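These are the residues of each chain, in order.
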Amino acid sequence: MSLESGTHITFVYVRDSSRVFTLEMQCDDRKDLPLGIRYYQGLQDISFLDKGNLYRHLPESYILFICLFDLFGKGLPVYI
């Protein structure tokens, strides 16, 4: 799957009963990207919680960004 949305492309969204994985390529060097990651995490969580469900029913969630720039400016090729 590939969904283009201006500054990023969502390549993969996979889920099973206990985990969710999202892989995105970030094309623009947005200084507020860490807040955007928080937003994406919230969207994923909302999609799994029906009214009245307990938070413990949320699956493990992983959002992986491939950036064309050094997001944290530390000169590292990979951040984990």
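Residues numbered from 1 in each chain as written. Predicted model: local features only at pLDDT ≥ 70, side-chain atom pairs only at ≥ 80, totals over all residues. Heavy atoms only, no water.

Draft legend 1. Representation of the packing of aromatic side chains within the structure. Applying the stated rule across the entire model yields four aromatic pairs. Considering the side-chain rings of phenylalanine 72 and tyrosine 79, the 4.9 Å spacing of their centres and the 75° angle between planes classify their relative orientation as edge-to-face. Taking relative accessible area as the criterion, phenylalanine 72 reaches 46% and is therefore assigned partly exposed. Through successive ring pairs, a cluster of aromatic residues spans Tyr39, Tyr40 and Phe65. (Phe/Tyr/Trp six-rings, centres within 6.5 Å; stacked < 30°, edge-to-face > 60°. Buried < 20%, exposed > 50% of the residue type's maximum accessible area, 1.4 Å probe, protein only.)

Draft legend 2. Representation of helix 1 (residues 33-48). For helix 1, which comprises 16 residues, the first-to-last C-alpha distance of 23 Å matches the rise-based estimate of 22 Å (1.5 Å per residue) to within 8%. Among the residues making up helix 1, those that are buried are Leu33, Gly36, Tyr40, Gln44 and Phe48. On an axial view of helix 1, the arc spanned by its buried residues comes to 125°, and they lie on one face. Set apart from the buried face of helix 1 by more than 90 degrees, the exposed residues are Leu35, Arg38, Tyr39 and Ile46. (Helix = DSSP H or I, 4+ residues; strand = E, 2+ residues; numbered from the N terminus. Expected span 1.5 Å × (residues − 1). Arc of directions from axis to C-beta.)

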